[in-house]
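Coordinate analysis (summary)
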Amino acid sequence: MKIIMLGAPGAGKGTQAKMIADKYSVPHISTGDIFRANIKNGTELGKEAKTYMDKGLLVPDELTVKILLDRVAQEDCKNGYVLDGFPRTIPQAEVLDKALTELGDKIDFAIDVDVPDANIIKRMSGRRACLACGATYHIEHVPPKAEGICDRCGEALVLRDDDKEETVKNRLNVYHEQTQPLIEYYTAKNILKTVDGTVDMQVVFDSIVAILG
Ligand code: ADP
Ligand code: ADP
Ligand code: ZN
């Protein structure tokens, strides 16, 4: 099963992608997590990606596509995966489709987690991230057991540099301009499914499971 998560920054793509990955035993692939891991480790890729991420801009397609195609070519992706944060532009979607078509393969579902902009700004200021293992928390909705510490790996949680309010506004503009057109793209391919992302995360997940079966 190959799934794409669509939605604005902070819509809950990562939260749902992790739940899908657990239930259906497929890897969760987040391009944002891959970039943040590279930044943390001080790689060249990380340095380049950070200049865009800190401004709320997208990392160029060329760089992003290469990373994603390398990742999905790995052995653990043979039976499927859930992509979180990729594709984010029409050209990215086209490259992915072309690569899959060459393998006689395709994406099964593109799930749009729908949350209005007004809810997003509030959600992001409460998000806390673990840069070591990719876990995500929310100070009100999903608090860690011990304040500021990751339940899964014990590392300190952070407010991401790009989750500050001004940057979130830029990211929302970038989303509407560059990523939202993907909703039409996957509608035309008859694989788009929309779920209401404003409700409790377990209820969001139930509606996704109803789609995936
Ligand atoms: P969120 O989950 O809040 O939407 P992500 O972790 O997916 O954020 O992405 C954080 C940042 O990483 C993006 O704002 C962008 O700069 C970069 N990024 C992640 N995925 C992509 C992608 N597919 N194309 C271009 N840039 C990306
Ligand atoms: P995305 O990957 O789309 O950027 P996340 O999954 O990181 O979004 O969620 C953004 C923030 O909102 C996180 O702090 C997360 O814990 C919280 N969150 C996710 N889903 C919900 C929900 N249904 N209701 C309330 N808060 C949520
Ligand atoms: Zn962690």
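Look up: the structure comes first, before these words.
This report concerns the structure included in the present document. These figures come from a predicted structure and were not determined experimentally. (Residues numbered from 1 in each chain as written. Chains lettered and ligands numbered in written order. Predicted model: local features only at pLDDT ≥ 70, side-chain atom pairs only at ≥ 80, totals over all residues. Heavy atoms only, no water.)

1. As for the site of ligand 1
Near ligand 1 lie 21 residues; those nearest to it are Thr31, Leu57, Arg88, Arg127 and Arg171. In isolation ligand 1 has 560 Å² of accessible area, and contact with the protein removes 97% of it. It is helix H2 (residues 31-40) that contributes the most residues to the shell around ligand 1, four residues altogether. Residues of the shell around ligand 1, tallied by class, amount to eight nonpolar, six polar and seven charged. (Near = heavy atom within 4 Å. Areas by Shrake-Rupley, 256 points an atom, 1.4 Å probe, with all protein chains shown as cover. Helix = DSSP H or I, 4+ residues; strand = E, 2+ residues; numbered from the N terminus. Nonpolar A, V, L, I, M, F, W, Y, C, P; charged D, E, K, R; others polar.)

2. Regarding the site of ligand 2
Around ligand 2 sit 19 residues, and of these Gly10, Thr15, Arg127, Tyr137 and Val199 come closest. Here an oxygen atom of ligand 2 and a backbone polar atom of Gly14 are 2.8 Å apart. Within the backbone of Met201, an N or O atom sits 3.3 Å from a nitrogen atom of ligand 2. Contact with the protein chains covers 93% of the free accessible surface of ligand 2, which is 560 Å². Split by residue class, the shell around ligand 2 holds seven nonpolar, eight polar and four charged. (Polar contact = N/O pair within 3.5 Å; in protein donor to acceptor, adjacent residues only side chain to side chain.)

3. Considerations on the coordination of the zinc ion (ligand 3)
Around the zinc ion (ligand 3), the protein contributes the donor atoms Cys130 (SG), Cys133 (SG), Cys150 (SG) and Cys153 (SG), at 2.3 to 2.4 Å from the metal centre. Metal-centred angles of 98 to 117° between the four donor atoms at the zinc ion (ligand 3) mark the site as tetrahedral. Sequence positions of the residues that donate to the zinc ion (ligand 3) give the spacing C-x2-C-x16-C-x2-C. Taken together, the residues Cys130 in the loop between strand E5 (127-129) and strand E6 (136-138) and Cys150 in the loop between E6 and helix H7 (165-179) connect sequence positions 20 residues apart. On the accessibility criterion, Cys130 (3% relative accessible area) is buried. Note on Cys150: relative accessible area 3%, which makes it buried. (Donors = N, O, S within 2.8 Å, 3.2 Å for Na, K, Ca; no water. Tetrahedral: all angles 85-135°; square planar, octahedral: opposite > 155°, others 65-115°. Buried < 20%, exposed > 50% of the residue type's maximum accessible area, 1.4 Å probe, protein only.)

4. Focus on unusual backbone geometry
The phi torsion of most residues other than glycine is negative, and most of the peptide bonds are trans. Following Phe86, the chain continues to Pro87 via a peptide bond in cis, the omega torsion being -5°. Inspection of the secondary structure puts Pro87 in the loop between strand E3 (81-84) and helix H5 (90-102). A positive phi angle, near 50°, is found at Ser25, a position not held by glycine. The residue Ser25 is located in the loop between helix H1 (13-24) and strand E2 (28-30) in this model. In this model, Asn190 sits at a positive phi of 65°, which is unusual for a non-glycine residue.

5. Focus on the packing of aromatic side chains
Under the criterion given, the structure shown has one aromatic pair. Judged by centre distance (4.9 Å) and plane angle (85°), the ring pair of Tyr185 and Tyr186 falls under edge-to-face. A single burial state applies to Tyr185 and to Tyr186, both of which are buried. Against the face of Tyr24 rests Lys23, its NZ or CZ located 5.9 Å from the ring centre. (Phe/Tyr/Trp six-rings, centres within 6.5 Å; stacked < 30°, edge-to-face > 60°. Lys NZ or Arg CZ within 6 Å of the ring centre and 35° of its normal.)

6. Details of the sheet that holds strand E1 (residues 2-6)
Pairing within the open sheet is parallel, and its five strands lie in the order E2-E3-E1-E4-E7. Each end of this open sheet is capped by a strand with a single partner; those strands are E2 and strand E7 (192-196). On average, each strand axis in the sheet is tilted by 25° relative to the strand beside it, whichever way the strands run. As defined by bridge partners, E1 adjoins strand E4 (residues 109-114) across four bridges and the pair is classed as parallel. In the strand pairing of E4, Leu6 is matched with Asp112. With respect to the sheet, helix H8 (residues 181-188) is in contact with E1, E4 and E7, its orientation differing from that of E1 by roughly 145°. (Pairing = 2+ DSSP bridges. Axes fitted to C-alpha atoms, helices over the stretch in contact; angles between N-to-C directions. Contact = heavy atoms within 4.5 Å.)

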